[in-house]
Amino acid sequence: MDGTKYGNLFDGKKGDFIRITSMEIEGVMRRRLLDLGFVPGAVVEVIRKSPLGDPIAFRVSQTTIALRKEESTRIQGELIQHD
């Protein structure tokens, strides 16, 4: 699984798999996301995007969570090929 493109979670398309490389979120929200499995190295699947693009549903570590643009643009990752 080689990383093919870098960006943030917000830029992902439905069905994409993104490996988290870094997070630029601080405080309580950072702790909450870390507890849910949004940690560097974790693979996140883009499940669903709302018609206007905000929020977006992601799956990570058997958990599905919707994030707003404010949070998803601050989580960097690489698009990966998933078998």
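What this report covers is the structure whose coordinates are included nearby. (Residues numbered from 1 in each chain as written. Predicted model: local features only at pLDDT ≥ 70, side-chain atom pairs only at ≥ 80, totals over all residues. Heavy atoms only, no water.)

Let's shift gears to the overall build of the protein chain. What the protein chain contains, in helices and strands, is two helices and six strands. Reading the secondary structure of the protein chain in the N-to-C direction produces β-β-α-β-β-β-α-β. The globule rule puts the C-alpha radius of gyration for 83 residues at 12 Å, and the 11 Å found for the protein chain is close to it. If one aligns the C-alpha atoms of the protein chain with their principal axes, the spans along those axes are about 35 × 30 × 20 Å. Across the 83 residues of the protein chain, 36% fall into the buried class. In the protein chain, the proportion of contacts linking residues at least 24 apart, taken out of those at least 6 apart, comes to 63%. Carbon and sulfur atoms form 49% of the exposed surface of the protein chain, whose accessible area is close to 5100 Å². Charged side chains in the protein chain number 13 positive and 12 negative. The centres of these two groups are separated by 5 Å. (Helix = DSSP H or I, 4+ residues; strand = E, 2+ residues; numbered from the N terminus. Rg over C-alpha atoms; globule rule 2.2 N^0.38 Å. Buried < 20%, exposed > 50% of the residue type's maximum accessible area, 1.4 Å probe, protein only. Contact = heavy atoms within 4.5 Å. Areas by Shrake-Rupley, 256 points an atom, 1.4 Å probe, with all protein chains shown as cover. Lys, Arg positive; Asp, Glu negative; His and termini not counted. Charge placed at Lys NZ, Arg CZ, Asp CG, Glu CD.)

Tracing the backbone through its elements, the reader meets D54 in the loop between strand 3 (43-49) and strand 4 (56-60). Using a relative accessible area of 37% as the deciding quantity, one classes D54 as partly exposed. Filtering out sequence-adjacent residues up to four positions away, D54 remains in contact with L67, R68 and K69. A distance of 2.7 Å separates the side chain of D54 from the backbone nitrogen of K69, its partner in a polar contact. (Polar contact = N/O pair within 3.5 Å; in protein donor to acceptor, adjacent residues only side chain to side chain.)

Take unusual backbone geometry next. Even without a glycine there, the phi angle at S61 is positive, about 50°. With respect to the element layout, S61 can be found in the loop between strand 4 and strand 5 (63-67). Classification of S61 by relative accessible area gives exposed; the value is 52%. Even without glycine at this site, Q62 takes up a positive phi of about 65°.

Further remarks concern the packing of aromatic side chains. For the structure shown, the criterion picks out zero aromatic pairs. The residue whose ring lies beneath K49 is F10, and the NZ or CZ to ring-centre distance is 5.3 Å. (Phe/Tyr/Trp six-rings, centres within 6.5 Å; stacked < 30°, edge-to-face > 60°. Lys NZ or Arg CZ within 6 Å of the ring centre and 35° of its normal.)

Quick look at the side chain of S72 now. Within the secondary structure, S72 is located in helix 2 (residues 69-72). Among all residues touching S72, those that are not within four sequence positions of it are N8, L9, F10, F58 and L67.

Relative accessible area serves as the criterion here: at 0%, S72 is assigned to the buried category. Between the C-alpha atom of S72 and that of P55, which follows or precedes it by 17 residues, the distance is 8.8 Å.

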